Amino acid sequence: MQAYVEALADLFYPQWCLSCDGRASDVLCRACFDALPRIWGPTCGRCGLPTAFETPVCGECKNVDFGFEGVRAPLRYEGVGKEIVHALKYRGYTRVVEKLAVPLLSGTLRGTAPFDAVVPVPIHRKRLRKRGFNQAALLAHGLAHGINAGVSDTLQVVRSTRDQVELSAAERRANVAGAFAPKARARGRLLLVDDVLTTGATLGACAGALLRAGAAEVHAVTLCRTV
Ligand SMILES: [Zn+2]
Ligand SMILES: [Zn+2]
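How each quantity is defined
Residues numbered from 1 in each chain as written. Chains lettered and ligands numbered in written order. Predicted model: local features only at pLDDT ≥ 70, side-chain atom pairs only at ≥ 80, totals over all residues. Heavy atoms only, no water. Helix = DSSP H or I, 4+ residues; strand = E, 2+ residues; numbered from the N terminus. Contact = heavy atoms within 4.5 Å. Axes fitted to C-alpha atoms, helices over the stretch in contact; angles between N-to-C directions. Left-handed = near helix turned anticlockwise from the far one by under 90°. Phe/Tyr/Trp six-rings, centres within 6.5 Å; stacked < 30°, edge-to-face > 60°. Lys NZ or Arg CZ within 6 Å of the ring centre and 35° of its normal.

Caption draft 1: Highlighting the environment of Cys-206. Take Cys-206: it is sitting in helix 8 (residues 201-212). As for Cys-206 and Gly-178, which are separated by 28 residues in sequence, their C-alpha atoms are 8.9 Å apart. Sequence-distant contacts of Cys-206, that is, excluding residues within four places in its chain, are made with Val-121, Pro-122, Leu-155, Phe-180 and Leu-192.

Have a look at this one:
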């Protein structure tokens, strides 16, 4: 009887919510979907931080040289937002990309000029071998499809870096300086994609490499950002 009830439930709720492990009709259950830590309302046009009023640059980023033009993120890196990133990063949950990440990323890019290509932030080949995929590349490929742009897998990690979790902003910049290089010339208006924005050091190092390789302009988008 139990099995029958579960089979019946599977017809309506064919999977588990990636955040709370309860039954869900999609990648998230309704409660977790409603609890998505969305960044609504006014944000800084440069760093994407929620602000009291729409502003082209905010107090947090006015003295920071990112190396890219600006960055947007649809979610705060907390609660369900964090669970989604973990599902992507450690479980390679690709349905999350298509069902959740791409609509969120496309939404946050609404109103921006078109991009010539979407560029994933690369991971070191050793890490790629171990994990089997690069979560930024999963996001970039899904997003490129959603916004009608190509994907340019031009960036590679040329020097291994330390885990950044415990590092300060200055240490992070030093940690990733010179860590990325393009495999070919870059051109046009590019959109860098990563899963989480913390200080922008990694995106900045990637943007620098693309600009040196000939890109005209580099923008960035991440699924989550710390606030
Ligand atoms: Zn849930
Ligand atoms: Zn700002």
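Caption draft 2: Looking closely at the environment of Gln-164. You can see Gln-164 is positioned in the loop between strand 7 (155-157) and helix 7 (169-176). Put simply, Gln-164 and Val-176 are 12 residues apart on the chain and 9.3 Å apart in space, counted from C-alpha to C-alpha. The contacts of Gln-164, once residues within four sequence positions are left out, are Arg-172, Asn-175, Val-176 and Thr-202.

Caption draft 3: Region of the structure containing the packing of helix 7 against helix 8. Axis separation between helix 7 and helix 8 bottoms out at 9 Å; the angle between their running directions is 35°. For the pair helix 7 and helix 8, the crossing hand works out as right-handed. Of helix 8, the residues touching helix 7 (which contributes Arg-172, Arg-173 and Val-176) are Ala-201, Thr-202 and Ala-205.

Caption draft 4: Fine view of the packing of aromatic side chains. What the rule picks out here adds up to one aromatic pair. Taking NZ or CZ as reference, Lys-82 lies 5.3 Å from the ring centre of Tyr-77, over its face.

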